[in-house]
Amino acid sequence: MPTPVIIDTDPGIDDAVAIFCALAAPSLRVLGLTTVAGNIGLETTTANAGRILSLAGVDVPVIRGAAGPLARAGFAATDVHGNDGLGGVAMPDPVAAPRDGAVDWMADTLTSHPEGAVDLFTLGPLTNLAGLLERRPEAARRLRRVIAMGGAVDERGNVSPRAEFNFAADPEAAERVLAAGLPLTLIPLDVTRRVRARPADTAALRAGPRPEARAAGALIDAYFLTTRGGDSRPLHDPCVVLLAEAPQLFRCETRLLDVDTSDGPDAGALGPGPHQVTVAMGVDGAAALDLLMRRLMGQ
Ligand code: BDR
Ligand code: CA
């Protein structure tokens, strides 16, 4: 039986690739997309979630979540993801209007499924999950597992020397999630930077048999134009789906961590602390990329 999963997301180029992969994964059944401000503002991430579903021809709800972080001003990543959040890649309009109330929808969905049945994948700032823990803690305890892309453990950051974007965008939310004792697996930059696409991969995707493959190729090509990184680019958010699908490709460790919630330049950075967290610290990057390519191609 496929695992039912809620995807919390701020699309976002790599969010879109991750969602296409999840929709194609035989071990997963996507129940809906909850949205959060992150890579770009909430109205755009919400519209993009609908556009991604429309392109994939999948009819599940999109539910608007937090318009900004818990306790500070937000910042966007339009320099990386483009003014439309999806690198200017053409996608059809959403088929259905989004709903409001991501936290309540998450809680109601968890309550209407058996306890320990539903996974949550987070691909953006952790504001919605922090809201669920605050407002509907009994529902949060029903989660089977949370897999979250965020943070940099031994690796350098991508928005400051030590901070990663999703954690830096809402450090207080990240801290609350780490402190909550949920069945959480964290996917930091330490592994996402090891799963990389090259131009030959995007060319193969662009010639692929499915609209999702062709869109993913165009999305990653757009990411090549806005970022530096030699002849390859990291695929951050897809690693969440790949860990769920093929945990044997990843090496997880238990670390004692905390989140920097200061106002300093490394706000959102991970450091040593009291919270015991399962963290993916190693990956077979070639095998993970191969699985992603196959899923996007519909294999
Ligand atoms: C994370 O930040 C965002 O820009 C990406 O979508 C990903 O979730 C990587 O640091
Ligand atoms: Ca993201």
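The present account deals with the structure reproduced in this document. (Residues numbered from 1 in each chain as written. Chains lettered and ligands numbered in written order. Predicted model: local features only at pLDDT ≥ 70, side-chain atom pairs only at ≥ 80, totals over all residues. Heavy atoms only, no water.)

### Some thoughts on the nonpolar core
At step 1: In this structure, I7, F20, F121 and L219 are the most contacted members of the largest nonpolar core, which totals 62 residues.
At step 2: Here the element with the most residues in this core is helix 11 (residues 211-226); it accounts for nine residues.
At step 3: Beyond its immediate stretch of four places on either side in the chain, F121 contacts V5, I6, I7, D8, L28, I147, V240, V241 and A244.
At step 4: L31, I63, V103 and V118 belong to the second largest nonpolar core, which has 38 residues in total. (Core = buried A, V, L, I, M, F, W, Y, C linked by side-chain atoms within 4.5 Å. Buried < 20%, exposed > 50% of the residue type's maximum accessible area, 1.4 Å probe, protein only. Helix = DSSP H or I, 4+ residues; strand = E, 2+ residues; numbered from the N terminus. Contact = heavy atoms within 4.5 Å.)

### Remarks on the environment of V240
At step 1: Counting through the fold element by element, V240 comes out in helix 12 (residues 238-245).
At step 2: Distance in space between the C-alpha atoms of V240 and A49 is 17 Å, their sequence separation being 191 residues.

### Side note on the coordination of the calcium ion (ligand 2)
At step 1: For the calcium ion (ligand 2), every protein donor is listed as D10 (OD), D15 (OD), D15 (OD), L123 (O) and D237 (OD), and the spread of their distances is 2.2 to 2.6 Å.
At step 2: All donors of the calcium ion (ligand 2) come from a single chain, and their spacing in sequence reads D-x4-D-x107-L-x113-D. Placement of the pair is D15 in helix 1 (residues 13-24) and L123 in the loop between strand 5 (119-122) and helix 5 (127-135), with a sequence separation of 108 residues.
At step 3: We classify L123 as buried; its relative accessible area is 1%. (Donors = N, O, S within 2.8 Å, 3.2 Å for Na, K, Ca; no water.)

### Some details on the sheet that holds strand 10 (residues 250-259)
At step 1: If you walk across this open sheet you meet the 10 strands as 4-3-2-1-5-6-7-12-10-11, and the pairing is mixed. A single partner strand is all that each edge strand has here, and the edge strands are strand 4 (99-100) and strand 11 (270-272).
At step 2: Here strand 10 runs beside strand 12 (residues 275-283); their pairing, made up of eight bridges, is antiparallel. Residue pairing for strand 12: F250 is matched across the bridge by V283. (Pairing = 2+ DSSP bridges.)

### Points about the pairing of strand 10
At step 1: As defined by bridge partners, strand 10 adjoins strand 11 across three bridges and the pair is classed as antiparallel. Following the sheet pairing, V259 is matched in strand 11 by L270.

### Description of the site of ligand 1
At step 1: Within the structure, ligand 1 sits among D14, D15, N39, H81, L123, M149, N158, E164, F165, N166, H236 and D237.
At step 2: At a separation of 3.0 Å, an oxygen atom of ligand 1 approaches a polar side-chain atom of H81.
At step 3: In isolation ligand 1 has 280 Å² of accessible area, and contact with the protein removes 95% of it.
At step 4: Put simply, the parts of the chain that give the shell around ligand 1 at least two residues each are helix 1 and helix 7 (165-169).
At step 5: Partitioned by chemical class, the residues of the shell around ligand 1 number three nonpolar, five polar and four charged. (Near = heavy atom within 4 Å. Polar contact = N/O pair within 3.5 Å; in protein donor to acceptor, adjacent residues only side chain to side chain. Areas by Shrake-Rupley, 256 points an atom, 1.4 Å probe, with all protein chains shown as cover. Nonpolar A, V, L, I, M, F, W, Y, C, P; charged D, E, K, R; others polar.)

### Describing the side chain of T127
At step 1: Along the chain, the position of T127 falls in helix 5.
At step 2: The class for T127 is buried, based on a relative accessible area of 6%.
At step 3: With residues up to four places along the chain from it excluded, the contact list for T127 reads V36, A66, G68, P69, L70, D170 and A173.

### Thoughts on helix 8 (residues 171-179)
At step 1: Along helix 8, the positions that sit buried rather than exposed are P171, E172, A173, A174, V177 and L178.
At step 2: As for helix 8, its buried residues are in contact with helix 5, helix 7, strand 7 (184-187), strand 10, strand 11 and strand 12.
At step 3: Where helix 8 terminates, the next one or two residues include G181, which has phi positive at roughly 70°.

### Side note on the pairing of strand 12
At step 1: In this structure, strand 7 lies alongside strand 12, joined through two bridges in parallel fashion. Bridge assignment links T185 to a residue of strand 12, and that residue is T278.

### Structural notes on the pattern of salt bridges
At step 1: Counting across every chain of the model gives 21 salt bridges.
At step 2: One salt bridge connects D104 with R136, and the closest N-O pair in it is separated by 3.2 Å. With D104 in helix 4 (residues 102-112) and R136 in the loop between helix 5 and helix 6 (137-140), the pair connects residues that are 32 residues apart, well separated along the chain.
At step 3: Three or more residues joined by partner-sharing salt bridges are found here, namely D104, D108, R135, R136 and E138. (Salt bridge = Lys/Arg side-chain N within 4 Å of Asp/Glu carboxyl O.)

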